[in-house]
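Listed below, chain by chain, are the residues.
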Amino acid sequence: SKVIFNAWCDDGPRPDCPSFLLPSDGGRPERLCTNCQARGFNADASLVLMQKYEGDTPGKKQDRIVAFDLGSRKEQELLYDEQHPVYHPFFSPDDRWIVFKRLLTMTKSQILIAPYRREHAVPVSDWIQITDGKFSDDKPQFSPDGNIVYFTSDRDGYLCIWSQRLHPETKRPVGNRVAY
């Protein structure tokens, strides 16, 4: 019943490009934030995960991930790394986990999963590494059952879609990655 979209500015999605919420049956778009990109809803569409860009909050030197409550219109910081920016967050189908990317260099990134803790940021020490950060891994998404993560990667010399099976309870990697 809701659509989220991001404005694209001449120099990319930053520095002051907003995200908007629009009822799917039409109406006027509502600005949710500036200097951000909305990503994924939770199962009941009461929360949306957003990338918030550095410079938006005093004291934060890296891009981070927040949950935006569509009822209260309040933000909750979820994922932040002092050393590296984090992007592309999406909820698991059961809303218990968040998959995302941490950018290590301009050509290397890793896919991680963190438990979702309503009203609490998740410390880096609780993040689960799905990939090792030796390649450009990007655009992670959960499978419909939440037991596989799909992502793009150049790990074989080509940009391909890869998958990593996950333990159903712990979300730790199980077995080898598969290319498609």
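Structure report, in brief. Everything numeric in this text was worked out from a predicted model, so none of it was measured.

**Points about the nonpolar core**
Line of reasoning, step 1. If you look at the biggest cluster of nonpolar residues, it comprises 15 residues, and the most contacted ones within it are Leu78, Leu79, Ile98, Phe100 and Trp127.
Line of reasoning, step 2. Counting only elements with at least two residues in this core, the list comes to strand E5 (47–52), strand E6 (64–69), strand E7 (75–79), strand E8 (86–91), strand E9 (97–103) and strand E10 (109–115).
Line of reasoning, step 3. Core analysis: the second largest hydrophobic core is formed by 13 residues, Trp97, Ile111, Ile130 and Val149 among them.

**Points about the side chain of Asp137**
Line of reasoning, step 1. Along the chain, the position of Asp137 falls in strand E12 (residues 137–142).
Line of reasoning, step 2. Accessibility expressed as a relative area gives 0% for Asp137, which makes it buried.
Line of reasoning, step 3. Within the local environment of Asp137, its side chain forms a polar contact with the side chain of Arg155, the two groups lying 2.7 Å apart.
Line of reasoning, step 4. What Asp137 contacts, discounting residues up to four positions off in sequence, is Lys101, Ser109, Gln110, Ile111, Thr131, Phe151, Thr152, Ser153 and Arg155.

Calculation notes
Residues numbered from 1 in each chain as written. Predicted model: local features only at pLDDT ≥ 70, side-chain atom pairs only at ≥ 80, totals over all residues. Heavy atoms only, no water. Core = buried A, V, L, I, M, F, W, Y, C linked by side-chain atoms within 4.5 Å. Buried < 20%, exposed > 50% of the residue type's maximum accessible area, 1.4 Å probe, protein only. Helix = DSSP H or I, 4+ residues; strand = E, 2+ residues; numbered from the N terminus. Polar contact = N/O pair within 3.5 Å; in protein donor to acceptor, adjacent residues only side chain to side chain. Contact = heavy atoms within 4.5 Å.

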